[in-house]
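Spelled out, the chains give:
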Amino acid sequence: MKRLIAALLLGATPVLTAPAMAFDIGAMTDAEKTEFGAAVREYLMANPQVLIESINELESRQAEQAAKDDVDLVAENHDAIFDDGHSWVGGNPDGDLTMVEFMDYRCGVCRQYNQEVVDAVEDDGNIRLIIKEFPILGQDSEASSRFAIAVKQIAGDEAYKAAHDALITLRSPATEDALRKLAEQIDVDADKVIAQMASDEVTQVLVKNRELGETMAIQGTPTFIIGQQMLRGVPRAGVASAIDQVRDAM
């Protein structure tokens, strides 16, 4: 009985004999169910590590399945992710590996790891970087993204990069006055940018990014897609290490 219980808890199917594989608790009598329940409790009390091992195995299988599901999501939404026609593309546009970052200018983790992302792209030299404006943290996030998108639409990619770099370190609220000053610092027409922020063109970019985020089940920033792999957050080993792992698998 204890051998069967351990196998059931750990999901170790090779341990189970043919009769054990046919085990059906629903076929037990009430007395047998009571005895079985008592045996399970006794086994777990004597071997608590079995429960931990079972939980770890379950989490491992769930993580593996989630990773497979994410690969499928990336494949199914390839064009919207890698070639949407409105997101800024930097790094090496002809690089052999594309990295996409869904980011929010008010996200503390996005700010913390921004320089690491920049360094990883520069050090590699062969990464195509795409920034997806994904404001989810309130009014300042929305205003910041609208400003960045408006700058790109009016003044182009280089001006967008300057706006992006300034916004990711902006400590003050993203008020109109603050954004006007930022526009002056990066040498773009403040009046045109502020007016463009409220345009349908800017709104449509955000709507498309949000729709994609919902489809991809993205609930937080930063979220990265490196090649076909999705990283929901920054891995402990860092962005550069994640890039290396993807390259090793290419």
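Higher on the page you've got the structure.
All of the points below concern the structure found in this document. Keep in mind that what you see is a predicted model, and the values were worked out from it rather than measured.

Tallied over the full model, the rule gives two aromatic pairs. Ring centres 5.7 Å apart and planes at 90° place the aromatic pair F102 and F134 in the edge-to-face group. Taken together, the positions of F102 in strand 2 (residues 97–103) and F134 in the loop between strand 3 (127–133) and helix 7 (139–155) put the pair 32 residues apart, joining distant regions of the chain. Accessibility classification places F102 together with F134 in one group, the buried group.

Turning our eyes to something else, we now look at the pairing of strand 3. Taken across its seven residues, strand 3 has seven buried, putting it largely inside the fold. Covered by surrounding structure in strand 3 are I127, L129, I131 and E133 together with R128, I130 and K132, the residues of both alternating faces. Relative to strand 3, strand 1 (residues 88–91) runs antiparallel, the two being bridged by four bridges. By the bridge assignment for strand 3, G90 is matched with L129. Here strand 2 runs beside strand 3; their pairing, made up of seven bridges, is parallel. Pairing of E101 across the sheet is with I131, part of strand 3. What joins strand 2 to strand 3 is helix 6 (residues 108–124), and the crossover it makes is right-handed.

Another aspect to go through is the sheet that holds strand 2. A sheet is described by the order of its strands in space; here five strands give the open sequence 1-3-2-4-5, paired in mixed fashion. Strand pairing shows two members of the sheet lacking a second neighbour, strand 1 and strand 5 (229–232), which therefore form its edges. The mean angle between the axes of side-by-side strands here comes to 20°, regardless of whether they run parallel or antiparallel. Across four bridges, the pairing between strand 2 and strand 4 (residues 223–226) is antiparallel. Bridged to V100 within strand 4 is I225. This element, helix 6, spans strand 1, strand 2, strand 3 and strand 4 of the sheet and lies at about 155° to strand 3. Sheet strands in contact with helix 12 (residues 239–249) are strand 2, strand 3, strand 4 and strand 5, and its direction is about 140° off that of strand 2.

Cut-offs applied
- Residues numbered from 1 in each chain as written.
- Predicted model: local features only at pLDDT ≥ 70, side-chain atom pairs only at ≥ 80, totals over all residues.
- Heavy atoms only, no water.
- Phe/Tyr/Trp six-rings, centres within 6.5 Å; stacked < 30°, edge-to-face > 60°.
- Helix = DSSP H or I, 4+ residues; strand = E, 2+ residues; numbered from the N terminus.
- Buried < 20%, exposed > 50% of the residue type's maximum accessible area, 1.4 Å probe, protein only.
- Pairing = 2+ DSSP bridges.
- Right-handed = clockwise from strand over helix to strand, strands pointing away.
- Axes fitted to C-alpha atoms, helices over the stretch in contact; angles between N-to-C directions.
- Contact = heavy atoms within 4.5 Å.

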